[in-house]
Amino acid sequence: MIVSICVGSSCHIKGSQKIVELMKNAVEKHHLGDIVTLCGSFCQKHCDSPGVTVQVNDTTHTGVTVEGFHDFFNNQILKPALAEKEGF
Ligand code: FES
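Right, let's walk through the structure included here. (Residues numbered from 1 in each chain as written. Predicted model: local features only at pLDDT ≥ 70, side-chain atom pairs only at ≥ 80, totals over all residues. Heavy atoms only, no water.)

This brings us to the overall build of the chain. Secondary structure summary: the chain contains three helices and four strands in total. Listed by position from the N terminus, the elements making up the chain come as β-α-α-β-β-β-α. Radius of gyration (C-alpha) of the chain: 12 Å, near the 12 Å computed for a compact globule of 88 residues. The C-alpha extent of the chain, read off along each of the three principal axes, is 35 × 25 × 20 Å. In the chain, buried positions account for 38% of the 88 residues. The long-range fraction of contacts in the chain, counting pairs at least 24 apart against all pairs at least 6 apart in sequence, stands at 67%. Here the chain displays about 5,300 Å² of accessible surface, and carbon together with sulfur accounts for 54% of that area. Counting 7 positive and 9 negative side-chain charges, the chain places the averaged centre of each group 4 Å from the other. (Helix = DSSP H or I, 4+ residues; strand = E, 2+ residues; numbered from the N terminus. Rg over C-alpha atoms; globule rule 2.2 N^0.38 Å. Buried < 20%, exposed > 50% of the residue type's maximum accessible area, 1.4 Å probe, protein only. Contact = heavy atoms within 4.5 Å. Areas by Shrake-Rupley, 256 points an atom, 1.4 Å probe, with all protein chains shown as cover. Lys, Arg positive; Asp, Glu negative; His and termini not counted. Charge placed at Lys NZ, Arg CZ, Asp CG, Glu CD.)

Here the focus is helix H2 (residues 16–29). In this model H2 runs 20 Å from its N-terminal to its C-terminal C-alpha over 14 residues, within 8% of the 20 Å that 1.5 Å per residue would give. For H2, the set of buried residues is Ser16, Ile19, Val20, Met23, Ala26 and Val27. For H2, the arc enclosing every buried residue in end-on projection is 135°, short of the 170-degree limit, so these residues lie on one face. The exposed set on the far side of H2, more than 90 degrees from its buried face, consists of Lys24, Glu28 and Lys29. (Expected span 1.5 Å × (residues − 1). Arc of directions from axis to C-beta.)

The strand order across the open sheet formed by four strands is S2-S1-S3-S4, and the pairing between neighbours is mixed. Every other strand in the sheet has two partners, leaving strand S2 (37–41) and strand S4 (59–64) as the edge strands with one partner each. Taking each pair of neighbouring strands and ignoring which way they run, the sheet shows an average axis angle of 25°. Note: strand S3 (residues 52–56) against S4, four bridges, orientation antiparallel. Bridge pairing in S4 links Val52 to Val64. Its contacts with the sheet put H2 on strand S1 (2–6), S2, S3 and S4, and the angle it makes with S1 is roughly 155°. Its contacts with the sheet put helix H3 (residues 69–85) on S1, S3 and S4, and the angle it makes with S3 is roughly 20°. (Pairing = 2+ DSSP bridges. Axes fitted to C-alpha atoms, helices over the stretch in contact; angles between N-to-C directions.)

For His31, which is not glycine, the phi dihedral falls at a positive 55°. You can see His31 is positioned in the loop between H2 and S2.

Among the secondary structure elements, Ser16 is positioned in helix H2. Using a relative accessible area of 0% as the deciding quantity, one classes Ser16 as buried. Within the structure, Ser16 has its side chain in polar contact with the backbone nitrogen of His12 (distance 3.5 Å). Ignoring anything within four residues of it in the chain, the contact list for Ser16 reads Ile5, Cys6, Val7, Cys11 and Val52. (Polar contact = N/O pair within 3.5 Å; in protein donor to acceptor, adjacent residues only side chain to side chain.)

Treat this as a map of the structure, not an account of what it does.
This is the structure in structure tokens:
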């Protein structure tokens with residue numbers, strides 16, 4: 001699973017560095033380092049959204065915020081990663 005966090009100017013202002021930090025910690029906490037590859041990206045052309053843009057494989061998620069990070073991580077990364085780990 002490739003998780004690409006936008007670190008373009010607009011997302012940077014909206015807290016992408018904090019999202020990167022939260023993401024690294026969550027991946028480490030759940031031992032997903034062998035499944036999840038984290039990377040940064042330049043602008044993904046969704047600057048109008050209220051939060052940071054994060055691409056998970058081929059799906060783009062806009063509006064990721066520090067406040068909403070926990071739900072985003074659980075639903076879009078943890079659950080699919082665990083399913084992948086279990087071979088589904
Ligand atoms: S800077 Fe992130 S979508 Fe444009």
